[in-house]
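Coordinate inspection notes
Here are the chains, one letter per residue:
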Amino acid sequence: MALTNKNIIFVAGLGGIGLDTSRELVKRDLKNLVILDRIDNPAAIAELKAINPKVTVTFYPYDVTAPLTETTKLLKTIFAQLKTVDVLINGAGILDDHQIERTIAVNFTGLVNTTTAILDFWDKRKGGPGGVICNIGSVTGFNAIYQVPVYSASKAAVVSFTQSIAKLANVTGVTAFTVNPGITKTTLVHKFNSWLDVETRVAEKLLEHPTQTTLACAQNFVKAIELNKNGAIWKLDLGTLEPIEWTKHWDSGI
Ligand code: NAE
């Protein structure tokens, strides 16, 4: 999918991976980039606007743990302004296995709710035009960092949920795929709590191994969006972009 003239909503478009990905996106001559994030960063928004004046960049504060009705209200405002939305990126995430409920609320429930809310506008059964959902999972959704089992499981849930949404594309008209970064140098992995403090040096140990920059991750992130493959599970590790083959162990048969 050529991104020229497209309208994109980016949840968490101002984070470490998010901001570099936003920078890459605006280079593609989008029509609109609507950034939803928990905390505004006017300097970052101004910088994105300056990169390419052809692209309209707007910001709305959004906490993904908001009730579904509030999300729907916000999307109504955005759809009224843009008329159409081509891509929704869900990227909100926290890494702190001391905060069990919040990890699941931000990393998983928030993503499910935002997806559910946009279906109201996109679902072809309601006369909608369909759309594309790009969810940020993680390599820890494939194989856990077992010292952070709650975070890892929340990311496995993102991968699983997105696979179902992709398979429902013939019903809803909405396609979906995940981008799953490996360890990427952001504040998220700088220092974090393991579950029940099973490993106190988890961040330090992790960062002894090779990592990637947010720029390398962002460039492959945008490539994955351009490839726009329904059901794809992209691994974005160490500066590479690779499709993952999911092993089938069972089939519902329906
Ligand atoms: P970051 O902390 O810089 O960005 C997190 C983003 O989520 C910020 O924009 C923040 O405002 C937003 N956010 C947090 N809570 C929110 C809420 N309640 N409502 C709305 N937005 C909220 O970290 P990052 O590394 O840029 O992470 C971005 C995404 O990439 C996250 O989903 C993260 O899980 C995922 N990710 C990061 C890495 C990594 O190594 N940095 C990896 C994979 C996936 C590898 C690991 O899983 C450790």
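Described in the following lines is the structure provided in the data block. In every chain, residue numbers begin from 1 and rise along the written sequence. For a predicted model such as this one, the threshold for reporting local features is a pLDDT of at least 70, and the threshold for listing and counting side-chain atom pairs is 80 or more; totals across whole chains, interfaces and linings nevertheless cover every residue. With hydrogens and water excluded, all non-hydrogen atoms of the structure serve as input to the side-chain values.

**Details of a nonpolar patch on the surface**
- Where nonpolar side chains cluster on the molecular surface, the patch consists of Ile 100, Ile 104, Trp 195, Leu 196 and Val 198 and spans about 460 Å² of accessible area.
- Within the secondary structure, Ile 104 is located in helix H4 (residues 100–122).
- Between buried and exposed lies partly exposed: a residue is buried under 20% and exposed over 50% of the maximum accessible area for its type, with that area taken using a 1.4 Å probe on protein chains only. Given a relative accessible area of 36%, Ile 104 falls into the partly exposed group. Within the patch definition used here, like charges are joined within 9 Å and nonpolar side chains (Val, Leu, Ile, Met, Phe, Trp, Tyr) within 5 Å, considering only residues with over 30% relative accessible area and no salt bridge. Per-residue accessibility takes into account occlusion by the displayed protein chains alone, with areas from the Shrake-Rupley method and a 1.4 Å probe. Basic side-chain nitrogens of Lys or Arg form a salt bridge, by our definition, when they fall within 4 Å of a carboxyl oxygen of Asp or Glu. Labels follow the DSSP assignment, with helices taken as runs of H or I lasting at least four residues and strands as runs of E lasting at least two, numbered in each case from the N terminus.

**As for the side chain of Thr 115**
- Mapped onto the fold, Thr 115 is located in helix H4.
- The class for Thr 115 is buried, based on a relative accessible area of 2%.
- Other than its neighbours up to four places away in sequence, Thr 115 contacts Asn 90, Ile 133 and Phe 161. We call two residues in contact whenever any of their non-hydrogen atoms come within 4.5 Å of each other.

**Side note on the packing of aromatic side chains**
- Aromatic contacts are taken between Phe, Tyr and Trp rings whose centres are within 6.5 Å, Trp giving its six-membered ring; a plane angle under 30 degrees counts as stacked, one over 60 as edge-to-face, and the others as tilted. Enumeration over the complete set of coordinates arrives at 4 aromatic pairs.
- Ring geometry for Phe 10 versus Phe 221: centroids 6.2 Å apart, planes at 55 degrees, classification tilted. With Phe 10 in strand E1 (residues 7–11) and Phe 221 in helix H8 (residues 214–227), this pair connects stretches of sequence that are 211 residues apart.
- Under the relative-accessibility criterion, Phe 10 is labelled buried at 0%.

**Some remarks on the site of the ligand**
- Close to the ligand lie 30 residues, the nearest being Ile 17, Asp 37, Ser 138, Tyr 151 and Thr 186.
- Contact distances for the ligand include 3.0 Å between an oxygen atom and a side-chain N or O atom of Lys 155.
- Look at the ligand: alone it shows 880 Å² of surface, and the protein chains cover 92% of it.
- Among the elements of the structure, helix H1 (16–26), H4 and helix H5 (149–167) are those that each provide at least two residues to the shell around the ligand.
- Here the shell around the ligand is composed, by residue class, of 14 nonpolar, 11 polar and 5 charged. Any residue with a heavy atom lying within 4 Å of a molecule or strand is counted as near it. We call two N or O atoms a polar contact when they sit within 3.5 Å, provided that within protein one can donate a hydrogen and the other can accept it, with sequence-adjacent residues counted only if both atoms are side-chain atoms. Residue polarity is assigned by list, with Asp, Glu, Lys and Arg as charged and Ala, Val, Leu, Ile, Met, Phe, Trp, Tyr, Cys and Pro as nonpolar; anything else, Gly included, falls into the polar class.

**Comments concerning the packing of H1 against helix H2 (residues 42–51)**
- Relative to each other, H1 and H2 sit at 25 degrees, their axes nearing to 9 Å. As far as their axial angle goes, H2 and H1 are roughly parallel. In this structure, H1 crosses over H2, and the sense of that crossing is right-handed. Listed contacts from H2 to Leu 19, Ser 22, Arg 23 and Val 26 of H1 are Ala 44, Glu 47, Leu 48 and Ile 51. Lines fitted to C-alpha atoms define the axes here, with helix axes fitted over just the stretch in contact, and angles between the N-to-C directions of these axes take values from 0 to 180 degrees. For classification purposes, an angle smaller than 35 degrees is called roughly parallel, one larger than 145 roughly antiparallel, one from 65 to 115 roughly perpendicular, and anything else oblique. In this scheme the handedness of a crossing depends on how the near helix is turned from the far one: anticlockwise by less than a right angle means left-handed, clockwise means right-handed.

**Some points on the pattern of salt bridges**
- Per the counting criterion, the structure on display carries 12 salt bridges.
- As a salt-bridge pair, Asp 20 and Arg 23 come within 2.6 Å of each other at their nearest N and O atoms. One end of the pair is Asp 20 and the other is Arg 23, both in helix H1 and 3 residues apart, which spans about a single turn.
- We classify Asp 20 as buried; its relative accessible area is 11%.
- Its relative accessible area of 23% is what places Arg 23 among the partly exposed residues.
- A salt bridge links Arg 23 to Glu 47; the nearest nitrogen and oxygen atoms lie 2.7 Å apart. Pair noted here: Arg 23 is in helix H1 and Glu 47 is in helix H2, with a separation of 24 residues, a long-range link.
- Salt bridges linked by common partners bring Glu 24, Lys 27, Arg 28 and Glu 226 together as one network.

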